[in-house]
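Commentary on secondary and tertiary structure
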Amino acid sequence: MRQPPQLVTTCQQMQQLITRLRSGAQRIGLVPTMGALHDGHLSLVQAAQEQCDYVIVTIFVNPTQFASNEDLSKYPRMLEDDLHRLEDFHVDLVFAPSEEEIYPDGLSIPMKPPAVAQPWEGVHRPHHFAGVVTVVDKLFNTIPADVAFFGQKDYQQAMVIEQLVRDANFSIDIQICPIVRDKDGLALSSRNRYLDGPQRIQATALSACLEQTQHWVEQGERSTRILTDRIRQQLQEHGIQQIDYVAIVDPATLMEVEQLQERAMLLMAAHVGDVRLIDNCCLMPLRQLPRS
Ligand code: AMP
């Protein structure tokens with residue numbers, strides 16, 4: 001077992017440490033999280049550990065990305081357990097600030113998110129990405145790392161952050177790491193703990209639909225309307241009635257595509273009981289090779 005990571009809770013201490021580190025030409029990796037760490041988060045930590053000399057994990061449940069009807073108060077907070085889980089990895093530092101530390105003047109003006117934040121999650125969680133870009137901007141300013149690791153699980157979020165980096169000229173590389181799933185296919189999420197037994201089984205319909213869609217595409221289906229209609233139908237057959245969106249989109253702009261010609265992303269969000277789940281996968285239509 002390794003040393004537990006150093007715990008830092010103030011921006012001032014964090015900035016002092018990072019100034020010292022940056023003068024030493026170390027490659028610094030940053031893994032932003034809201035804690036309640038699971039193997040999905042830990043895969044980002046693993047990637048950071050493999051590619052960087054110095055690894056910083058942030059744990060902060062960001063209030064500005066939750067709407068008033070969302071689950072901020074019951075979001076799991078378990079710093080001790082999280083620190084313990086990180087002992088198995090090479091993590092140098094955990095930055096776990098308080099709300100007052102990140103928002104010393106209260107929850108003042110949020111930043112305006114880029115256009116890629118508008119569809120899908122942006123429609124169903126209208127204030128969410130303003131909160132995300134506000135906090136990520138603060139984290140990137142406090143911790144000017146060389147590379148930051150995010151999960152494909154939150155695909156739209158990753159696109160929003162890539163745009164933030166371009167817009168604000170941050171010199172931080174963004175790495176998007178693959179989705180980690182449970183054995184039954186369900187994408188790991190801190191919110192899965194709120195699913196009861198039958199809901200847990202129902203929830204596997206999301207990843208089953210992603211897999212099924214990849215087969216339909218392999219078999220030649222190219223109409224995204226036919227594909228998304230079939231997915232909705234399958235989700236409903238599994239008892240999932242509240243579907244926020246099912247969409248096949250351009251990977252960069254997140255605009256819907258009508259015919260699958262190039263690589264596209266299949267994005268979905270649906271409710272199982274009170275738990276809102278998101279999932280996605282890449283769709284790769286193989287080009288028809290000319291007959292020789
Ligand atoms: P969160 O704590 O939910 O804000 O997530 C922190 C980071 O972990 C984000 O970049 C997520 O996309 C990523 N993440 C969450 N779940 C998974 C997963 N199942 N596989 C890979 N990355 C994930």
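Residues numbered from 1 in each chain as written. Predicted model: local features only at pLDDT ≥ 70, side-chain atom pairs only at ≥ 80, totals over all residues. Heavy atoms only, no water.

1. So, the overall build of the chain
Within the chain one finds 9 helices and 9 strands. Radius of gyration (C-alpha) of the chain: 20 Å, near the 19 Å computed for a compact globule of 292 residues. The principal-axis extent of the C-alpha atoms belonging to the chain is close to 60 × 50 × 45 Å. With 292 residues in all, the chain has 53% of them scored as buried. For the chain, contacts bridging at least 24 residues in sequence account for 72% of all contacts bridging at least 6. Split by element, the accessible area of the chain, about 14800 Å² in all, is 48% carbon and sulfur. Distance between charge centroids for the chain: 4 Å, based on 25 positive and 37 negative side chains. (Helix = DSSP H or I, 4+ residues; strand = E, 2+ residues; numbered from the N terminus. Rg over C-alpha atoms; globule rule 2.2 N^0.38 Å. Buried < 20%, exposed > 50% of the residue type's maximum accessible area, 1.4 Å probe, protein only. Contact = heavy atoms within 4.5 Å. Areas by Shrake-Rupley, 256 points an atom, 1.4 Å probe, with all protein chains shown as cover. Lys, Arg positive; Asp, Glu negative; His and termini not counted. Charge placed at Lys NZ, Arg CZ, Asp CG, Glu CD.)

2. Overview of the sheet that holds strand β6 (residues 173-177)
Pairing within the open sheet is parallel, and its 6 strands lie in the order β1-β4-β3-β2-β5-β6. Here the strands that pair on one side only, and so sit at the sheet edges, are β1 (6-8) and β6. Recorded for the sheet is a direction-independent mean angle of 25 degrees between the axes of neighbouring strands. Bridge analysis of strand β5 (residues 147-151) against β6 gives 5 bridges, and the strand direction is parallel. Paired with Phe149 across the bridge in β6 is Gln175. Together, β2 (28-33), β3 (54-59), β5 and β6 form the strand contacts of helix α2 (residues 39-51), whose direction differs from that of β5 by roughly 155 degrees. Sitting on the sheet, helix α7 (residues 155-168) is in contact with β5 and β6, with an inclination near 170 degrees to β6. (Pairing = 2+ DSSP bridges. Axes fitted to C-alpha atoms, helices over the stretch in contact; angles between N-to-C directions.)

3. A closer look at the sheet that holds strand β9 (residues 275-283)
Reading across from one edge, β7-β8-β9 is the order of the 3 strands in this open sheet, with antiparallel pairing throughout. Every other strand in the sheet has two partners, leaving β7 (243-249) and β9 as the edge strands with one partner each. Within the sheet, the average angular offset between the axes of one strand and its neighbour, ignoring direction, is 10 degrees. Both β7 and strand β8 (residues 264-272) contribute to a ladder of 6 bridges, which runs antiparallel. What sits directly across from Val246, in β8, is Met268.

4. Some details on the pattern of salt bridges
In this structure the tally under the stated criterion is 8 salt bridges. A salt bridge links Arg125 to Glu70, with the nearest nitrogen and oxygen atoms 2.8 Å apart. With Arg125 in the loop between α5 (121-124) and α6 (128-142) and Glu70 in the loop between β3 and α3 (79-86), the pair connects residues that are 55 residues apart, well separated along the chain. A relative accessible area of 11% places Arg125 in the buried class. (Salt bridge = Lys/Arg side-chain N within 4 Å of Asp/Glu carboxyl O.)

5. Description of the packing of helix α8 (residues 197-218) against helix α9 (residues 224-237)
Relative to each other, α8 and α9 sit at 145 degrees, their axes nearing to 10 Å. The handedness of the crossing between α8 and α9 comes out as right-handed. Along its contact with α8, which presents Ala205, Leu206, Cys209, Gln212, Thr213, Trp216 and Val217, the element α9 presents Leu227, Arg230, Ile231, Gln234 and Leu235. Residue classes in the contact of α8 with α9 are distributed as 8 nonpolar, 3 polar and 1 charged. (Left-handed = near helix turned anticlockwise from the far one by under 90°. Nonpolar A, V, L, I, M, F, W, Y, C, P; charged D, E, K, R; others polar.)

6. Brief notes about the side chain of Asn192
Note on placement: Asn192 falls in the loop between β6 and α8. Asn192 gets classed as buried once you look at its relative accessible area, which sits at 11%. Within the structure, Asn192 has its side chain in polar contact with the backbone oxygen of Ala187 (distance 3.0 Å). In contact with Asn192, other than residues within four places in its own chain, are Leu186, Ala187 and Leu277. (Polar contact = N/O pair within 3.5 Å; in protein donor to acceptor, adjacent residues only side chain to side chain.)

7. With respect to α2
Over its 13 residues, α2 extends 18 Å from the first C-alpha to the last, a length consistent with the 18 Å expected when each residue adds 1.5 Å. Regarding α2, the residues found buried are Gly40, His41, Leu42, Leu44, Val45, Ala47 and Ala48. The inward-facing, buried residues of α2 contact β2, β3, α3, β5 and β6. (Expected span 1.5 Å × (residues − 1).)

8. Focus on the environment of Asp184
Note that Asp184 resides in the loop between β6 and α8. By relative accessible area, which is 38% here, Asp184 ends up partly exposed. Taking the C-alpha atoms as reference points, Asp184 and Ile172, 12 residues apart in sequence, are found 35 Å from one another. Excluding residues that lie within four positions of it along the chain, Asp184 makes contacts with Arg200, Thr204 and Ser207. Within the structure, Asp184 has its side chain in polar contact with the backbone nitrogen of Leu186 (distance 3.2 Å).

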